[in-house]
2 protein chains.
Amino acid sequence: MENPGSLDELIRALRCLPGVGPKSAQRMAYHLLQRDHEGAGRLSGALAAALDRIRHCASCNTFTEAEQCAVCASTRRDRTLLCVVETPGDLLMMEQTQSFSGMYFVLMGRLSPLDGIGPKEIHLDRLLKRATDGVVKEVILATNFTVEGEATAHYVSELLSAKGLMVSRIARGLPVGGELEHVDSGTLAQALVERRPA
Amino acid sequence: MENPGSLDELIRALRCLPGVGPKSAQRMAYHLLQRDHEGAGRLSGALAAALDRIRHCASCNTFTEAEQCAVCASTRRDRTLLCVVETPGDLLMMEQTQSFSGMYFVLMGRLSPLDGIGPKEIHLDRLLKRATDGVVKEVILATNFTVEGEATAHYVSELLSAKGLMVSRIARGLPVGGELEHVDSGTLAQALVERRPA
Ligand SMILES: [Zn+2]
Ligand SMILES: [Zn+2]
């Protein structure tokens, strides 16, 4: 006696979600099939639609459905400032402070050699090209204050300083070990104002 | 600045999974779109296929792709014994002990008035009909030894005893508060052998 094939496959497929082990995957599959057919159908469609429509912004690398995201397409932003963040969520957090009017570059990760995430995986070649477009005057590093985020900031700082760019780091107003996502807008705004040379 | 529509919808849709809050849903969506397009496509297809193919066994109520599951369709089972379990996973656990050759009824849940799960939601009308088919002689209650599982066993016992059926409970060989899924086969087999009148 085993689970029917399509149920087994669903349980296996759910394990592609980060943090979902075999027991949670089984619980999720049972829940969807027993109590939430509507949710399951919606999730199936949402996955297919997102795969079909979401791409990376040609300028800043964040997720977008267009060629460029809304920030990059705007004519009201200060193109001499370039803020480097780890994820699209961090970009949204920065925007919520309403205290930054420059441009962004989204690494889509942070350096993590143990996980096989090196300079190439976080698109540092594209960042270098973007930052040396002749318009950008200052690069603000807003990676997390975790060990990996700090290492990433250090690496990027060396890389861009060598090209004669001014590079700054948002102030350590956030608690050490803290992540941008878990901090209030006011603290993050303060950290932005108090940025220091990197 | 907001997430693109299809990304926002994916994050909302992921929240139909039990135990997934807004932050995990966002992390899952980013992970799938950034690092695992293959997994996302597979999950989308698996959800659609399972929704299309999985139904409930006409006899025991477990998940199956056929009219009847493999256990119910088998001619080698003892039809005088009916074992009541909470979930299809519990049925698989019972089968793994290789010490039960009777039939099953899967409640697909347990009584939980606070969550709005009453006798109807766990199909006690169908169980009553199934257990009084004239062939079943003994009903073995193998719900979990949690508060809700015990309450369910008590309720079902009253219901079926009133119909003159012999009703037993698997032995409390499992730790109090324990769940079938988290116990080894040997312990579960012992609990089955030592079942007592309910
Ligand atoms: Zn952009
Ligand atoms: Zn069956």
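Every chain is numbered on its own, with residues counted from 1 as its sequence reads. As they are written, the chains are lettered A onward and the ligands numbered 1 onward, keeping that order. With the structure being a predicted model, the display of local features is reserved for residues of pLDDT at least 70 and the display and counting of side-chain atom pairs for 80 or more, all residues being used for whole-chain, interface and lining totals. As a convention, hydrogens and water are excluded, and side-chain values are obtained from all of the structure's heavy atoms.

## Topic: the overall build of chain A
Right, on to step 1. Looking only at helices and strands, chain A has eight helices and seven strands in total.
Right, on to step 2. Each of the three principal axes of chain A carries a C-alpha extent, and together these read 65 × 35 × 35 Å.
Right, on to step 3. Here chain A holds 198 residues, and 54% of them are scored as buried.
Right, on to step 4. Accessible area of chain A: about 9100 Å², with a carbon and sulfur share of 51%.
Right, on to step 5. Only four residue types enter the tally: Lys and Arg on the positive side, Asp and Glu on the negative side, with His and both chain ends excluded. Note that the charge is assigned to NZ on lysines, CZ on arginines, CG on aspartates and CD on glutamates. Separation of charge centres in chain A, based on 22 positive and 24 negative side chains, amounts to 3 Å. Think of it this way: any DSSP run of H or I at least four residues long counts as a helix, any run of E at least two long counts as a strand, and we number them from the N terminus. Burial classification: accessible surface area is computed with a 1.4 Å probe over protein chains only, and a residue below 20% of its type maximum counts as buried, one above 50% as exposed, and the rest as partly exposed. Every accessible area reported is derived by Shrake-Rupley at a probe size of 1.4 Å, with residue values counting cover from the shown protein chains alone.

## With respect to the UniProt feature "zinc finger region: C4-type" (unreviewed entry) in chain A
Right, on to step 1. As annotated in UniProt, the feature "zinc finger region: C4-type" (unreviewed entry) corresponds to residues 57-72 of chain A in the numbering used here.
Right, on to step 2. Between the C-alpha atoms that bound residues 57-72 of chain A the distance is 8 Å, and the span itself is 19% helix and 12% strand. UniProt positions are given in the numbering used here, feature names are shortened, and annotations may be inferred rather than shown by experiment.

## Some points on the relation of the copies chain B and chain A
Right, on to step 1. When the copies are superposed, the least-squares fit draws on C-alpha atoms of residues that have pLDDT of at least 70 in both. Once turned by 180° and shifted 0.0 Å along the axis, chain B lies on chain A with an RMSD of 0.0 Å. Taken together, the turn and the small shift mark the pair as related by a two-fold rotation axis. Closest approach to the rotation axis within chain B is made by the C-alpha atom of Ser 44 of chain B, at a distance of 2.1 Å.
Right, on to step 2. Of the residues that chain B buries at the interface, 100% are likewise interface residues in chain A, meaning the two copies contact each other through the same surface. Should any heavy atoms of two residues lie within 4.5 Å, those residues are counted as being in contact.

## Comments concerning the packing of helix 6 (residues 124-131) of chain A against helix 7 (residues 147-161) of chain A
Residues and elements named next belong to chain A.
Right, on to step 1. Two elements in contact, helix 6 and helix 7, have axes separated by 11 Å at closest approach and are oriented at 45°. Viewed along their axes, helix 6 and helix 7 adopt a mutual orientation that is oblique. Here the hand of the crossing between helix 6 and helix 7 comes out right-handed. Residues Leu 124, Leu 127, Leu 128 and Ala 131 of helix 6 pack against Tyr 155, Val 156, Leu 159 and Leu 160 of helix 7.
Right, on to step 2. Any residue that is not Ala, Val, Leu, Ile, Met, Phe, Trp, Tyr, Cys, Pro, Asp, Glu, Lys or Arg is counted as polar, Gly included; the first ten are nonpolar and the last four charged. When its residues are assigned to classes, the contact of helix 6 with helix 7 shows eight nonpolar, no polar and no charged. To obtain an axis, a line is fitted to C-alpha atoms, over the contacting stretch when the element is a helix, and the angle between two such axes runs from 0 to 180 degrees between their N-to-C directions. In this scheme, roughly parallel covers angles under 35 degrees and roughly antiparallel covers those over 145, while 65 to 115 is roughly perpendicular and the rest are oblique. Each crossing gets its handedness from the near helix: less than a right angle anticlockwise from the far helix is left-handed, clockwise is right-handed.

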